[in-house]
Amino acid sequence: MSDLREPQYTGFATEQIHGDDAHHAEHGARVAPIHLSAGYIFDDVQQAGDRFAGTAEGYVYTRVGNPTNADLERRLARLEHGQNALFLGSGQAAISVAFLALLNCGDHILASNSIYEGTRGLIVANLARLGIEADFVEDTADIEQWRAKLRPNTRLLFGESISNPTNDILDIEAISNLAHGHGIPLVVDNTAATPYLLRPIDHGADIVVHSASKFLAGHGSALGGVVVDSGRFRWDAREGYFPQLTAPDPALLGESFVQRYQSRAFAIFARDVVAGRLGPTASPFNAFLIRQGIETLSLRMERHCENAQHVAGWLASQPAVVTVDFAGLPEHRDHHLAAKYLPRGFGSVFAFTLAGGAPAARAFIEATSIFTHMTHLGDVRSLIVHPASTSHCQRTAQEQAAGGILPGTIRLSVGIEDIADLIADLARGIAAVSALADQPLPTPPAAALVPSPA
Ligand SMILES: *Cc1c(COP(=O)(O)O)cnc(C)c1O
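Predicted model only: the values in this text are computed from it and were never measured.

## Concerning the nonpolar core
Within soluble globular proteins, side chains that are nonpolar generally end up buried alongside one another.
Here is step 1: Ranked by internal contacts, the top residues of the largest apolar core, which has 118 residues, are Phe99, Leu157, Leu342, Phe350 and Leu412.
Here is step 2: Those residues in contact with Leu157 that lie beyond four places of it in its chain are Leu110, Trp146, Leu150, Ile175, Leu178, Ala179, Ile184, Pro185, Leu186 and Val187.

## Some words on the sheet that holds strand S12 (residues 409–413)
Across a sheet, strands are paired by hydrogen bonds formed along the backbone, either parallel or antiparallel in direction.
Here is step 1: The 5 strands lie next to each other as S8-S9-S12-S11-S10, forming an open sheet whose pairing is mixed. The sheet is open, and its two edges are formed by strand S8 (321–325) and strand S10 (372–373), each paired on a single side.
Here is step 2: With 2 bridges connecting them, S10 and strand S11 (residues 383–385) associate as parallel partners. Paired with His373 across the two strands is Ile384, which belongs to S11.
Here is step 3: Against the sheet, helix H13 (residues 297–316) makes contact with S8, strand S9 (349–354) and S12, and its axis sits at roughly 10 degrees relative to S9, the strand it touches most.

## Focus on the pattern of salt bridges
Here is step 1: One pass over the full model with this rule turns up 19 salt bridges.
Here is step 2: Taking the shortest distance from any N to any O, the salt bridge between Glu255 and Arg260 comes out at 2.7 Å.
Here is step 3: Residue classification places Glu255 among the partly exposed residues on the basis of a relative accessible area of 30%.
Here is step 4: Asp425 is the partner of Arg428 in a salt bridge, and the nearest nitrogen-oxygen pair spans 3.0 Å. With Arg428 and Asp425 both in helix H17 (residues 419–438) and 3 residues apart, this pair spans about one turn of that helix.

## Things to note about the side chain of Ser161
Here is step 1: Tracing the backbone through its elements, the reader meets Ser161 in the loop between strand S4 (154–160) and helix H7 (172–181).
Here is step 2: A relative accessible area of 1% means that Ser161 is categorised as buried.
Here is step 3: Here Asn190 takes part through its side chain, which lies 2.8 Å from a polar atom of the side chain of Ser161.
Here is step 4: Excluding residues within four positions of it along the chain, Ser161 makes contact with Asp168, Ile169, Leu170, Val188, Asp189, Asn190, Ala193 and Leu198.

Criteria and cut-off values
Residues numbered from 1 in each chain as written. Predicted model: local features only at pLDDT ≥ 70, side-chain atom pairs only at ≥ 80, totals over all residues. Heavy atoms only, no water. Core = buried A, V, L, I, M, F, W, Y, C linked by side-chain atoms within 4.5 Å. Buried < 20%, exposed > 50% of the residue type's maximum accessible area, 1.4 Å probe, protein only. Contact = heavy atoms within 4.5 Å. Pairing = 2+ DSSP bridges. Helix = DSSP H or I, 4+ residues; strand = E, 2+ residues; numbered from the N terminus. Axes fitted to C-alpha atoms, helices over the stretch in contact; angles between N-to-C directions. Salt bridge = Lys/Arg side-chain N within 4 Å of Asp/Glu carboxyl O. Polar contact = N/O pair within 3.5 Å; in protein donor to acceptor, adjacent residues only side chain to side chain.

Listed below in structure tokens is the structure:
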């Protein structure tokens, strides 16, 4: 729809600002305006019919497409080296739409065990109610575990490029090869890495999803999500695997989505049939805000990574800290994968565990003041939270421990503030933990002193 010249640049920082920069003719505005319009005027009846039939380009109704959202979609498709993108109301909306566009009742999804709790809930509760089965791979780095859990009805593999908060690193090449050998796609949640640090499609992933609410936006003021399609996956390679894309569709007058749209089949099906019907539409205002964020992504990520590396090293040197789950530390179990996939930096969301358990974690969090106590990540502001009692509270202590969440575990999202101020803030946390250790143990209540009969 937009009249674009071939790009005259190759660098990420230039592309995040100029990539697919459609000039907006009206008034010569340099920044793409916010098109807050539910619908779009048709020039004539023929054009209206052609747009509804999908035989002419052009907007119809904002639930299926909007110029401001499209501007962000083109930018993100380009930054992720994909063919098409679909912007939605939140990261969860994007993941839901991607899964629902791929999976049918009776299908099976195989996912890494180290994934966002909201995505786990979507799989084990919501998708299960639709008859979609699931298994989780305990050790994400062990390709044999992925292979062993594949089933004849597995229709997608799923993982996060950098997991939160334990920083498991997805071996995208190995897992996408496994998926492709079984005729199924690999879907990667790239929220914690962003395309600046890692482009999963370059390593074999077929579909990338994001919570754009996090690093892409950066300012923490708007939710959004995106599904990026590589356009490379052959949906018709295995008979009957993705019938929603390959069987004749009455809405397409008996053609299939693959016949009509070829490499764009998944993207158009996800937009028109799944998102267009379920309705998790994003506001163009949020698209505008997130686009503003993306224009500074590389600068922010550089500072996030630099600060996180420093904070992780400092924490690892503290006697009160037993482990630091930051993939940028050489002792992290997936550091070799991180070194391969993340040459520009290791992100800034990770966990560390205090020897003193839950009371120490509480004292630490309540003593910090620059680190904001809240859930969310990828914000310019540094954030701190206690996963065991918040994001992971619906899981048993045993399940939490299997996922690397102990009572003394704290999650950080390191922001872009001055490093000296961040270290001073964390030092207040460590001091509070030491003060706790110096206190005498509270006197047990009298009843507890009476020996129990058992
Ligand atoms: C936050 C997050 C989500 C969910 O995104 P929302 O925008 O909050 O709906 C999904 N995946 C990961 C890795 C996230 O961090």
